[in-house]
Amino acid sequence: MASLCRRAIFQVARRPLHMSACRSMEEKMADPLDHATGLEKAEMLAELAGNDDPFDTKVMKRGPGTKECPNLVGSFFKSRLVGCICEEDQLHINWMWLHKGKPRRCECGHWFKLVERTPVQV
């Protein structure tokens, strides 16, 4: 009887070995560039190449904006919608369409011209 109790205690005390799915601290996560596809990968590659605005969507500061030296706006198409905030404290945006080859003057007097850009290759 005592041997039976002793056997039961040792069987309960023995536990199988369990392995967790956690990685050791020495291993690192894979590079996100290896997992990215499509536009996300094109954006990452452009950023690595030094282009922080591959799709030309960031706000740009106006230059002199004269008729002889207009503000150049890049576009992948023949026309583009552009918004001009004429004064710093202004609460609305003056929208206008720019067409390729035709400089356009905003209500505030600044000139804008559309220039062709090459699209990002995916």
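Residues numbered from 1 in each chain as written. Predicted model: local features only at pLDDT ≥ 70, side-chain atom pairs only at ≥ 80, totals over all residues. Heavy atoms only, no water.

If you check an unreviewed UniProt entry, the chain appears there as Cytochrome c oxidase subunit 5B, mitochondrial from Trichomalopsis sarcophagae.

Student: Describe the pattern of salt bridges, listing the residues and the values that go with them.
Tutor: The full count for this structure, using the stated rule, is two salt bridges. Between Lys 58 and Asp 52 there is a salt bridge, with the nearest N and O atoms lying 3.6 Å from each other. Both residues of the pair, Lys 58 and Asp 52, belong to the exposed class. With a shortest N-O distance of 3.0 Å, Glu 116 and Lys 100 are connected by a salt bridge. On the criterion of sequence distance, the pair formed by Glu 116 in strand β5 (residues 111-116) and Lys 100 in the loop between β3 (94-99) and β4 (104-105) is long-range, its members being 16 residues apart. (Salt bridge = Lys/Arg side-chain N within 4 Å of Asp/Glu carboxyl O. Buried < 20%, exposed > 50% of the residue type's maximum accessible area, 1.4 Å probe, protein only. Helix = DSSP H or I, 4+ residues; strand = E, 2+ residues; numbered from the N terminus.)

Student: Can you lay out the pairing of β5 for me, pointing to particular residues and giving the numbers?
Tutor: Here strand β1 (residues 71-75) runs beside β5; their pairing, made up of five bridges, is parallel. Bridge assignment links Asn 71 to a residue of β5, and that residue is Phe 112. Here β4 pairs with β5 via two bridges, running antiparallel. By the bridge assignment for β5, Arg 104 is matched with Phe 112. In sequence, β4 turns back onto β5 through a hairpin of five residues, with Gly 109 there showing a positive phi of about 105°. (Pairing = 2+ DSSP bridges.)

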